[in-house]
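Listed below are the residues making up each chain.
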Amino acid sequence: MSALRLATSAARRAPRSLALGRRGYAAAADKIKLSLVLPHQAIFTSADVVQVNLAAATGDMGILANHAPTIEPLRPGVVEIVESGKGSQKWFVSGGFATVHPNNKLTINAVEAAPLESFSAEAVRANLQEALKVATGNGSEEDKVEARIEADVYEALQHALSK
């Protein structure tokens, strides 16, 4: 008997009590325990939230209750926190990691984070131009690399402010 037929036959004969649990969409009442921490400050500590949208390195993603456990590197971008009855808060993070734990827990470890509304579009534009000038200038290779990283963050911030 081929391995596929053997596995199929065994699956049909298995008792239904051994069936695997199925994942589905989170119920509206389900919450996530969010912790958003920086090296020098805890912004959220086990706060009950409905959804978190974040800028993962693999693309934007939304986290709801009952999300599959995962670890995602974060790129510079917005973390939007949706709270029940309070609307949403938007934070700009420079990078870090988001860890979805079992039991509806989400931990975001970020290098730096600030409320999106605390940034000035004019200041971001001016700082971006300065960073690009250094990145393409005649400085040392180290200065150019640092300026390129700075420019990447300012470009992400400028994009976030334009939405």
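In case you missed it, the structure is sitting above this.
These figures come from a predicted structure and were not determined experimentally.

1. Looking at helix 3 (residues 141–162)
- Look at helix 3: 31 Å from first C-alpha to last across 22 residues, which is about the 32 Å you get at 1.5 Å a residue.
- Ala147, Ala151, Tyr154, Ala156, Leu157 and Ala160 are the residues of helix 3 that are buried.
- Where the residues of helix 3 are buried, they touch strand 6 (77–83), strand 7 (87–93) and helix 2 (121–135).

2. Topic: helix 2
- If you check helix 2, its first and last C-alpha atoms are 21 Å apart, about what 15 residues at 1.5 Å a residue would give, namely 21 Å.
- Residues Val124, Leu128, Ala131 and Ala135 constitute the buried set of helix 2. Along the long axis of helix 2, the arc covered by the buried residues comes to 65 degrees, so they all point the same way. Of the exposed residues in helix 2, those oriented more than 90 degrees away from the buried face are Glu122 and Lys133.
- Tucked inside the fold, the buried residues of helix 2 contact helix 3.

Conventions used here
- Here the residue numbering is sequential within each chain, running from 1 through the sequence in written order.
- For a predicted model such as this one, the threshold for reporting local features is a pLDDT of at least 70, and the threshold for listing and counting side-chain atom pairs is 80 or more; totals across whole chains, interfaces and linings nevertheless cover every residue.
- Where side-chain values are given, they derive from all heavy atoms of the structure, hydrogens and water being excluded.
- Numbering goes from the N terminus for both helices and strands, where a helix is a DSSP run of H or I of at least four residues and a strand is a run of E of at least two.
- Under the convention used throughout, the expected extent of a helix is 1.5 Å for every residue step, that is, one less than its residue count.
- Residue exposure (1.4 Å probe, protein chains only): buried if accessible area is under 20% of the type maximum, exposed if over 50%, otherwise partly exposed.
- Residue contacts follow a heavy-atom distance rule, with two residues in contact if any of their heavy atoms lie within 4.5 Å.
- Directions pointing from the helix axis toward each C-beta atom define the arc.

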